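# Commentary on secondary and tertiary structure
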Amino acid sequence: MAGQFNQLILTAAEYKLLLIVDGVTFPILTGETFSWNISREQEPIYMIGQEEPGGEKRNAVKYSGKLSLQNGEMSAILQIAGYTEASQISGATLAIASTNGVFNQAYGAVNINAVSGDIKAKDKQTLVSLDWNALSLK
């Protein structure tokens, strides 16, 4: 029994992340965090004479998340892509996959909407954090 679930237990080292900007693929080499959120608008449906909803309807879906990586890598990507700052990136693709093929997601029409970072004396690294939204999940 022991070990039969090892292929389902994924460490951060077992993922690969790609950012595709204007048709150019950039493997993210220094990513520290990648987070995603998929949410759907929901609306409870109420009926006259009832205090509790009789049902719930959903429609719109939202794909969003954050990516943090070394500021040097982000700066290199921006230079190659011809941008001066990351929130200029729109219509990109963010793809993440586990190396064993168990997990993969590709977010399409990705817009980087916010960028934040800071440099602190004596830090060994400088990270930049990108907030993103996408129009699709492939």
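Quick look at the structure, then. All figures in this text were calculated on a predicted structure; none of them were measured in a lab.

Rules of the game
Residues numbered from 1 in each chain as written. Predicted model: local features only at pLDDT ≥ 70, side-chain atom pairs only at ≥ 80, totals over all residues. Heavy atoms only, no water. Phe/Tyr/Trp six-rings, centres within 6.5 Å; stacked < 30°, edge-to-face > 60°. Helix = DSSP H or I, 4+ residues; strand = E, 2+ residues; numbered from the N terminus. Buried < 20%, exposed > 50% of the residue type's maximum accessible area, 1.4 Å probe, protein only. 1 Å grid on protein atoms, 1.4 Å probe; cavity = no way out; pocket = protein on both sides within 12 Å on 5 of 7 lines; lining within 4 Å. Points joined across faces, edges and corners; volume = space filled by probe spheres on them. Nonpolar A, V, L, I, M, F, W, Y, C, P; charged D, E, K, R; others polar. Core = buried A, V, L, I, M, F, W, Y, C linked by side-chain atoms within 4.5 Å. Contact = heavy atoms within 4.5 Å. Pairing = 2+ DSSP bridges. Polar contact = N/O pair within 3.5 Å; in protein donor to acceptor, adjacent residues only side chain to side chain. Patch = residues over 30% accessible without salt bridge, like charges linked within 9 Å, V, L, I, M, F, W, Y side chains within 5 Å. Areas by Shrake-Rupley, 256 points an atom, 1.4 Å probe, with all protein chains shown as cover. Salt bridge = Lys/Arg side-chain N within 4 Å of Asp/Glu carboxyl O.

## Describing the packing of aromatic side chains
Within this structure, the stated rule accounts for 6 aromatic pairs. Considering the side-chain rings of phenylalanine 34 and tryptophan 132, the 5.9 Å spacing of their centres and the 15° angle between planes classify their relative orientation as stacked. With phenylalanine 34 in strand E3 (residues 33-45) and tryptophan 132 in strand E7 (residues 127-134), the pair connects residues that are 98 residues apart, well separated along the chain. Among the residues examined, phenylalanine 34 registers a relative accessible area of 16% and is labelled buried. Among the aromatic residues, ring-to-ring pairing joins Tyr15, Phe34, Trp36, Tyr63, Phe103, Tyr107 and Trp132 into one connected group.

## Some words on the layout of surface pockets
Quantified by volume, the largest pocket comes out at close to 300 Å³. Surrounding the largest pocket, 16 residues form its lining, Ala12, Tyr15, Leu17, Gly31 and Ile96 being those nearest its centre. At the level of secondary structure, the elements contributing two or more residues to the lining of the largest pocket comprise strand E1 (15-21) and E3. Within the lining of the largest pocket, the residues separate by chemical class into 11 nonpolar, 3 polar and 2 charged.

## Considerations on the nonpolar core
In this structure, Phe34, Met74, Leu94, Tyr107, Val110, Leu130 and Trp132 are the most contacted members of the largest nonpolar core, which totals 25 residues. The set of elements that each furnish at least two residues to this core consists of E1, strand E4 (55-70), helix H1 (71-81), strand E5 (92-98), strand E6 (104-117) and E7. Ranked by residues supplied to this core, first place goes to E7 with 4 residues. Once residues lying within four places of it in the same chain are set aside, the contact partners of leucine 94 are Leu17, Leu18, Leu19, Phe34, Leu67, Gln105, Ala106, Tyr107, Val110 and Trp132.

## Focus on the pairing of E7
Judged by which residues are buried, E7 turns out to be one-sided: Val128, Leu130, Trp132 and Ala134 face inward and are buried, whereas Leu127, Ser129, Asp131 and Asn133, on the alternate face, are not. Bridge analysis of E4 against E7 gives 8 bridges, and the strand direction is antiparallel. Paired with lysine 66 across the strands is aspartate 131, a residue of E7. When E6 meets E7, the two strands line up antiparallel, connected through 6 bridges. Directly across from isoleucine 112, in E7, lies its bridge partner tryptophan 132.

## Some details on the side chain of glutamine 105
Note on placement: glutamine 105 falls in strand E6. With a relative accessible area of 14%, glutamine 105 lands in the buried category. A polar side-chain atom of glutamine 105 sits 2.7 Å from a polar atom in the side chain of tyrosine 107. Excluding residues that lie within four positions of it along the chain, glutamine 105 makes contacts with Trp36, Ile38, Leu94, Ala95, Ile96, Leu137 and Lys138.

## Considerations on a nonpolar patch on the surface
On the surface, Phe5, Leu8, Ile9 and Val102 cluster together to form a nonpolar patch covering roughly 400 Å² of accessible area. As for its position among the elements, phenylalanine 5 is in the segment before E1.

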